[in-house]
Amino acid sequence: DTAVSQTPKYLVTQMGNDKSIKCEQNLGHDTMYWYKQDSKKFLKIMFSYNNKELIINETVPNRFSPKSPDKAHLNLHINSLELGDSAVYFCASSPSRAYNEQFFGPGTRLTVL
Amino acid sequence: EDQVTQSPEALRLQEGESSSLNCSYTVSGLRGLFWYRQDPGKGPEFLFTLYSAGEEKEKERLKATLTKKESFLHITAPKPEDSATYLCAVLYSDNFNKFYFGSGTKLNVKP
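Bear in mind that the values here come from a model prediction, so they are computed numbers and not experimental data.

In this section: the environment of alanine 72 of chain A. Residues and elements named next belong to chain A. Mapped onto the secondary structure, alanine 72 falls in the loop between strand 7 (64–70) and strand 8 (73–78). The spatial distance from the C-alpha of alanine 72 to the C-alpha of lysine 9 is 19 Å, given a sequence separation of 63 residues. Beyond its immediate sequence surroundings of up to four residues, alanine 72 is in contact with Cys23, Glu24, Gln25 and Met32.

Encoded structure:
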């Protein structure tokens, strides 16, 4: 059973488009996260979401927005894509809001042309 | 200023050659230090959480330790399957919680 899944695995799109990445976890965890890993493999947290409480990293452009239809899903919407958005995006979940013992998804490689 | 720094950037070991990876941090109000392993093309995999100086955790050939300024990940008699990038992350409180990953140490264990 896949604990944290993401779709799609690869996403290639043009500048200016709007796209979404889906994330689902079947672990019953309370908190979910989105991360961006750039070309230098540096992993940076974008959002954490717990029971409708959203914590946003202040460096994330407001073109990025997480949406959670229920506790098991946290989707990432990106508007007006830019070249610099190209990266691997990881979804993760954890049992509590303390960032501990996070389970990561396989990642979505986004390429903006 | 970087909140967490890992060294070395890359490390090549022969199978069975023990060594240590370093994660130093400059934050105050540490609430947790975390170690993850990341294989190419995959998401990070959780290894350990350390909360206070003097704490140690072990798992198979890996042992993590924590002081007030740094953490070490000791690898004893590594095997080729230990090859991966090892990431540390810190959670600290500065009015509100902040969480940062280091840039990682890429470990290559040769048979």
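Read on, since the account is not over.
Here a disulfide denotes a covalent bond joining the sulfur atom of one cysteine to the sulfur atom of another. For the structure shown, the criterion picks out two disulfides over all chains. Residue pairing for cysteine 23 of chain A: its cysteine sulfur links by disulfide to cysteine 91 of chain A, the two sulfurs lying 1.8 Å apart. Between cysteine 23 of chain A and cysteine 91 of chain A, the disulfide has an S-S torsion of -75° and is therefore left-handed. One end of the pair, cysteine 23 of chain A, is in strand 3 (residues 19–25); the other, cysteine 91 of chain A, is in strand 9 (residues 87–94), with 68 residues separating them in the sequence. The exposure class of cysteine 23 of chain A is buried, given its relative accessible area of 1%. Sulfur-sulfur distance for the disulfide between cysteine 23 of chain B and cysteine 88 of chain B comes to 1.9 Å. The sign of the S-S torsion, about 75°, decides the handedness of the disulfide formed by cysteine 23 of chain B and cysteine 88 of chain B: right-handed. Of the two residues, cysteine 23 of chain B sits in strand 3 (residues 19–25) while cysteine 88 of chain B sits in strand 9 (residues 84–94), which places them 65 residues apart along the sequence. Residue cysteine 23 of chain B shares its accessibility class with cysteine 88 of chain B, and that shared class is buried.

Criteria and cut-off values
Residues numbered from 1 in each chain as written. Chains lettered and ligands numbered in written order. Predicted model: local features only at pLDDT ≥ 70, side-chain atom pairs only at ≥ 80, totals over all residues. Heavy atoms only, no water. Helix = DSSP H or I, 4+ residues; strand = E, 2+ residues; numbered from the N terminus. Contact = heavy atoms within 4.5 Å. Disulfide = S-S within 2.5 Å. Buried < 20%, exposed > 50% of the residue type's maximum accessible area, 1.4 Å probe, protein only.

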